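Analysis of the macromolecular model
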There are 2 protein chains.
Amino acid sequence: MTSTAEPRWLNDEERQAWMAMAGIVFALPAALDAQLQRDAGITHFEYTVLAALSEAPDRRLRMSYLAQLANGSLSRLSHVVKRLERQGWVERTPDPQDGRFTVAQLTEAGWDKIVATAPGHVEAVRELVLDPLTRAQVKQLREIGLRITGGLGLDIPRRS
Amino acid sequence: MTSTAEPRWLNDEERQAWMAMAGIVFALPAALDAQLQRDAGITHFEYTVLAALSEAPDRRLRMSYLAQLANGSLSRLSHVVKRLERQGWVERTPDPQDGRFTVAQLTEAGWDKIVATAPGHVEAVRELVLDPLTRAQVKQLREIGLRITGGLGLDIPRRS
DNA sequence: GCTCATGAGTTGAAGCGTCAACTCATTACT
DNA sequence: AGTAATGAGTTGACGCTTCAACTCATGAGC
């Protein structure tokens, strides 16, 4: 990809587009993290884990599949679920079908937590991302996002 | 911002646009960090610091101003510059004009480092962000980015 | 001149993510 | 049956970021 010197710098149009994108990539995760931290005291990754569990059948998932849904490593998930378990929001048990798997189960308290947290987070997404755009731009954003993510490793898109 | 339950969920178009954006925000920083780590052994923040210094008059800047340019806290910058100093890429001296300030000076080795690193990073930005898009989409992206970043705290856009 | 307020910068502790090493259950092979 | 291979999950160490507490130089007010 980068063996020797390439002189292909960015022109004005490209530089402006890139700076705008860099601004988003820098500020948007920070803003969403801040909202969740302030209103719910959890990280965005913890939110994603709880949300994924809340939508699963019986509100339970195997750790390895949950890690895929949440776009994180199994190690990261293991650390996080340990914290969530300490909070009483998730419980871990070995899978009866196959002892190699661990099943993460959302508790009643965990369900209450995600139910209380989700509307505010969706509202933040709407305010920060969707509301500033016209309907046409929302469509354009979808196309642009698909093209860019297509060039990276594919992603399993999940809910807000 | 979020006091009680709001029922304003996302429709299909909005959800798809948001998922595309979430994919970018998740994967793009990871991909750019990985490129820099692999090709230069530095983080994206370290790259931004070196790049900002390389473009400053005399290749030197006050820490506090450098922190603004790099979009980071002074504390974070202090830790990072300590590492960069250990590598021999930056030197710190008290500002002769005002002893409260510290001036970070890019060394010759630091200059060589950023000169060697920048083309590959710009190339990665081009490959991952610009190349997948049509010219029209590049323009749309700029507008979309400006609108979204406008709704967040403003940013001092800086070079690639 | 002295004291105090201000703000730049540093430092160390704590939290989170990554990486590599490890355990363990199951399956495949002989 | 016995052994090795595989892959899920956990763990601990390390690195980076944040936060709060601290030092220190300067300027303002008396």
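Anyway, here's the lowdown on the structure attached to this text. All figures in this text were calculated on a predicted structure; none of them were measured in a lab. Numbers given to residues run from 1 along each chain, matching the order in which its sequence is written. For naming, the first written chain is A and the first written ligand is 1, with later ones following in the order written. Reporting in this predicted model follows two pLDDT cut-offs: at least 70 for local features of residues, and 80 or more for side-chain atom pairs to be given and counted; totals over whole chains, interfaces and linings ignore these cut-offs and use all residues. Side-chain descriptors were evaluated using all non-hydrogen atoms of the structure, hydrogens and water having been removed beforehand.

Some remarks on helix 6 (residues 135-151) of chain A
Under the 1.5 Å per step criterion, the end-to-end length of helix 6 of chain A is 25 Å for 17 residues, consistent within 8% with the ideal 24 Å. Taken together, the buried positions of helix 6 of chain A are Gln137, Val138, Leu141, Ile144, Gly145, Ile148 and Thr149 of chain A. Burial along helix 6 of chain A is one-sided: seen end-on, the buried residues are contained in an arc of 125°. When the buried face of helix 6 of chain A is taken as reference, the exposed residues oriented beyond 90 degrees from it are Arg135 and Gly150 of chain A. Contact definition: two residues touch when any of their heavy atoms are within 4.5 Å. Elements are defined by DSSP. Helices are runs of H or I of four residues or more, strands are runs of E of two residues or more, and each kind is numbered from the N terminus. In this structure, the buried residues of helix 6 of chain A make contact with helix 1 (12-40) and helix 5 (108-130) of chain A together with helix 1 (12-40), helix 5 (108-130) and helix 6 (135-151) of chain B. How far a helix is expected to stretch is found by multiplying one less than its residue total by 1.5 Å. Three labels apply to residues, based on accessible area from a 1.4 Å probe with only protein chains included: buried if under 20% of the type maximum, exposed if over 50%, partly exposed otherwise in between. The arc in question is traced by the directions running from the helix axis to the C-beta atoms.

Overview of the sheet that holds strand 2 (residues 90-94) of chain A
All names here are of chain A. What makes two strands pair is DSSP finding at least two bridges between them. Across the sheet, which stays open at both edges, the 3 strands sit in the order 1-3-2 with antiparallel pairing between neighbours. The sheet is open, and its two borders are formed by strand 1 (60-62) and strand 2, each paired with just one other strand. Within this sheet the neighbouring strands show an average axis-to-axis angle of 25°, counted without direction. Here an axis means a line fitted to C-alpha atoms, over the contact stretch when the element is a helix, while the angle between two N-to-C directions is reported on a 0 to 180 degree scale.

Let's talk about the protein's contact with DNA strand D
One heavy atom within 4 Å of a molecule or strand is enough for the residue carrying it to be called near that molecule or strand. Surrounding DNA strand D, one finds 20 residues, the nearest of these being Ser64, Arg92 and Thr102 of chain A together with Ser75 and Arg76 of chain B. Those atoms of DNA strand D that come within 4 Å of the protein belong to sugar or phosphate at a rate of 71%. Contact distances for DNA strand D include 2.9 Å between a base oxygen and a side-chain N or O atom of Ser75 of chain A. His79 of chain B is positioned such that a nitrogen or oxygen atom in its side chain is 3.2 Å from a base oxygen of DNA strand D. Counting residues per element, the ones that place at least two in the surface near DNA strand D are helix 3 (63-69) and helix 4 (74-86) of chain A together with helix 4 (74-86) of chain B. Along the lines of polarity and charge, the residues of the surface near DNA strand D split into 4 nonpolar, 9 polar and 7 charged. Any pair of nitrogen or oxygen atoms within 3.5 Å is treated as a polar contact; in protein, a donor-acceptor pairing is required on top of that, and neighbouring residues in sequence qualify only through side-chain atoms on both sides. Classes in brief: Ala, Val, Leu, Ile, Met, Phe, Trp, Tyr, Cys and Pro nonpolar; Asp, Glu, Lys and Arg charged; the others, Gly included, polar.

Quick word on the relation of the copies chain B and chain A
Least squares is the method for superposing the copies, and the C-alpha atoms it fits come from residues with pLDDT of at least 70 in both. Least-squares fitting of chain B to chain A yields an RMSD of 0.1 Å, with the superposition described by an axial translation of 0.0 Å and a rotation of 180°. These values place the two chain copies in the arrangement generated by a two-fold rotation axis. Taking C-alpha positions as reference, the residue of chain B nearest the rotation axis is Val25 of chain B, located at 2.7 Å. The overlap is high: 100% of the interface residues of chain B also sit at the interface in chain A, so the same surface is used on both sides.

A few points about the packing of aromatic side chains
Each pair of aromatic rings taken from Phe, Tyr and Trp, with Trp reduced to its six-membered ring, is defined by centres within 6.5 Å and is described as stacked if the planes are under 30 degrees apart, edge-to-face if over 60, and tilted in the remaining cases. What the rule picks out here adds up to 0 aromatic pairs over all chains. Whether a charge sits over a ring depends on NZ of Lys or CZ of Arg being within 6 Å of the ring centre and within 35 degrees of the ring normal. One Lys or Arg, Arg59 of chain B, reaches over the ring of Trp111 of chain B and ends 3.5 Å from the middle of that ring.

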